[in-house]
Amino acid sequence: EADIYQTPRYLVIGTGKKITLECSQTMGHDKMYWYQQDPGMELHLIHYSYGVNSTEKGDLSSESTVSRIRTEHFPLTLESARPSHTSQYLCASSESVGSNYGYTFGSGTRLTVV
Amino acid sequence: SQQGEEDPQALSIQEGENATMNCSYKTSINNLQWYRQNSGRGLVHLILIRSNEREKHSGRLRVTLDTSKKSSSLLITASRAADTASYFCATVVRGRYSTLTFGKGTMLLVSP
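What this report covers is the structure whose coordinates are included nearby. A quick note: this is a predicted structure, and the numbers were derived from the prediction, not measured.

The next point concerns the environment of B:Gly103. Residues and elements named next belong to chain B. Secondary-structure assignment places Gly103 in the loop between strand E10 (100-102) and strand E11 (106-111). Overall, Gly103 belongs to the buried group, its relative accessible area being 0%. On a C-alpha basis, the gap between Gly103 and Asp7 in space is 9.8 Å, while along the polypeptide they are 96 residues apart.

This is the structure we're talking about:
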C-alpha cells in the first residue's frame, strides 16, 4: 500500500501553461526526491530535499522548480510547459537517517505537453 | 554517464523458469538496491544489499554483490506471469549525498 501520493496521474496541457505536480507522503520521511523517466528509459534525479526549506538540484538539469514548506509535501512546478517536458515524473521518499534504506515511490504523473 | 548498467536489456522466459539479471556499476558504493516497475507505474523496492554483504535472500529473490567486479545479480526463482515487469538496479555512491542512481533496467516477460 503506497503511502506516497502523486496527482494528477495523467496530465495533457498546452505549451506555455504553468503546472504544478503534487506529491505528498504520510510516513514522516525527511528525504524526498523527484525523478524524470522517459518511456523505457532509466530514471534521472532532477530535485531532492533533505527537509523543510532544503532543496537541491539533481544530476539532470531541469527547468522545473520545487519547494518544501511542509515535511509531507514536495510539489514540482513548471512555469511554462514545453513539449520537451513531456515525460513521466516520479516522486519518492526515504528514511531520514543514513542511506541504507529503500525508497518509496508514488505512482507517477505522466505529463504530455502539446 | 550512468552509474549502473543492467544486462540483458530484455529477457523472455516461461513460467516456472528462473530469471537472472545482472548489473554493473562504476564507482564505490554504500549499497545497491533492486526495484521493480510494472508498466507505467511507480517503482517498488525489492531488496537492498550493503557493500559489505555478498548475498541476500528475500522470498524467491536472491541478490549477490561482487564489489571487486563492481557487479550484482538478481535471481528470481520459479517465475510467475505476475513477475513481468522492468527491473532496475540502483546504487548509493560512497561519499556522496545519499541519492539513488538508477541503471537502464531489464524488461522481463514471463509467459504462462
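After that view of the structure, there is still more to cover.
What follows is about the pairing of strand E5 (residues 43-50) of chain B. Where strand E4 (residues 29-37) of chain B lies against E5(B), seven bridges are found, and the strand directions are antiparallel. Note that in E5(B) the partner of B:Gln33 across the bridge is B:Leu48.

Enumeration over the complete set of coordinates arrives at ten aromatic pairs over all chains. Between the aromatic rings of A:Tyr35 and A:Phe105, the centroid separation amounts to 6.0 Å while the plane-to-plane angle is 45 degrees, which identifies the pairing as tilted. Residue A:Tyr35 is found in strand E4 (residues 31-37), and its partner A:Phe105 is found in strand E10 (residues 104-105); the two are separated by 70 residues along the sequence. Given a relative accessible area of 1%, A:Tyr35 falls into the buried group. Taken together, the ring pairs connect A:Tyr33, A:Tyr35, A:Tyr103, A:Phe105, B:Tyr35, B:Phe88 and B:Phe102 into an aromatic cluster. The ring of A:Phe74 has A:Arg68 sitting right over it, with the charged end atom 5.8 Å from the ring centre.

Quick look at the pattern of salt bridges now. One side chain can pair with another of opposite charge once the charged atoms of both are near each other. Tallying each qualifying case throughout the model produces six salt bridges over all chains. The residue A:Arg82 makes a salt bridge to A:Glu63 at a minimum N-O spacing of 2.8 Å. Taken as a pair, A:Arg82 in the loop between strand E8 (76-78) and strand E9 (87-94) and A:Glu63 in the loop between strand E6 (54-57) and strand E7 (65-66) lie far apart in primary sequence, 19 residues in all. Of the residues examined, A:Arg82 reaches a relative accessible area of 38% and is grouped as partly exposed. We classify A:Glu63 as partly exposed; its relative accessible area is 47%. Residue B:Glu53 is joined to B:Lys56 by a salt bridge in which the shortest nitrogen-to-oxygen separation is 3.9 Å. The class for B:Glu53 is partly exposed, based on a relative accessible area of 22%.

This part is about the sheet that holds E8(A). Residues and elements named next belong to chain A. Reading across the sheet, the four strands line up as E1-E3-E8-E7 and stay open at both edges, with antiparallel pairing between neighbours. Strands with a single pairing partner mark the edges of an open sheet, and in this sheet they are strand E1 (4-7) and E7. Of the pairings in the sheet, the one linking strand E3 (residues 19-25) to E8 comprises three bridges and is antiparallel in character. Looking at the pairing, Thr20 lines up with Thr77 of E8.

Our next topic: the pairing of E6(A). Residue and element names in this part refer to chain A. Here strand E5 (residues 43-51) pairs with E6 via three bridges, running antiparallel. For Gly51, the partnering residue across the bridge sits in E6 and is Ser54. The antiparallel pairing of E5 with E6 creates a hairpin that spans two residues between the two strands, and Asn53 there sits at a positive phi of about 65 degrees.

Definitions and limits used
- Residues numbered from 1 in each chain as written.
- Chains lettered and ligands numbered in written order.
- Predicted model: local features only at pLDDT ≥ 70, side-chain atom pairs only at ≥ 80, totals over all residues.
- Heavy atoms only, no water.
- Helix = DSSP H or I, 4+ residues; strand = E, 2+ residues; numbered from the N terminus.
- Buried < 20%, exposed > 50% of the residue type's maximum accessible area, 1.4 Å probe, protein only.
- Pairing = 2+ DSSP bridges.
- Phe/Tyr/Trp six-rings, centres within 6.5 Å; stacked < 30°, edge-to-face > 60°.
- Lys NZ or Arg CZ within 6 Å of the ring centre and 35° of its normal.
- Salt bridge = Lys/Arg side-chain N within 4 Å of Asp/Glu carboxyl O.

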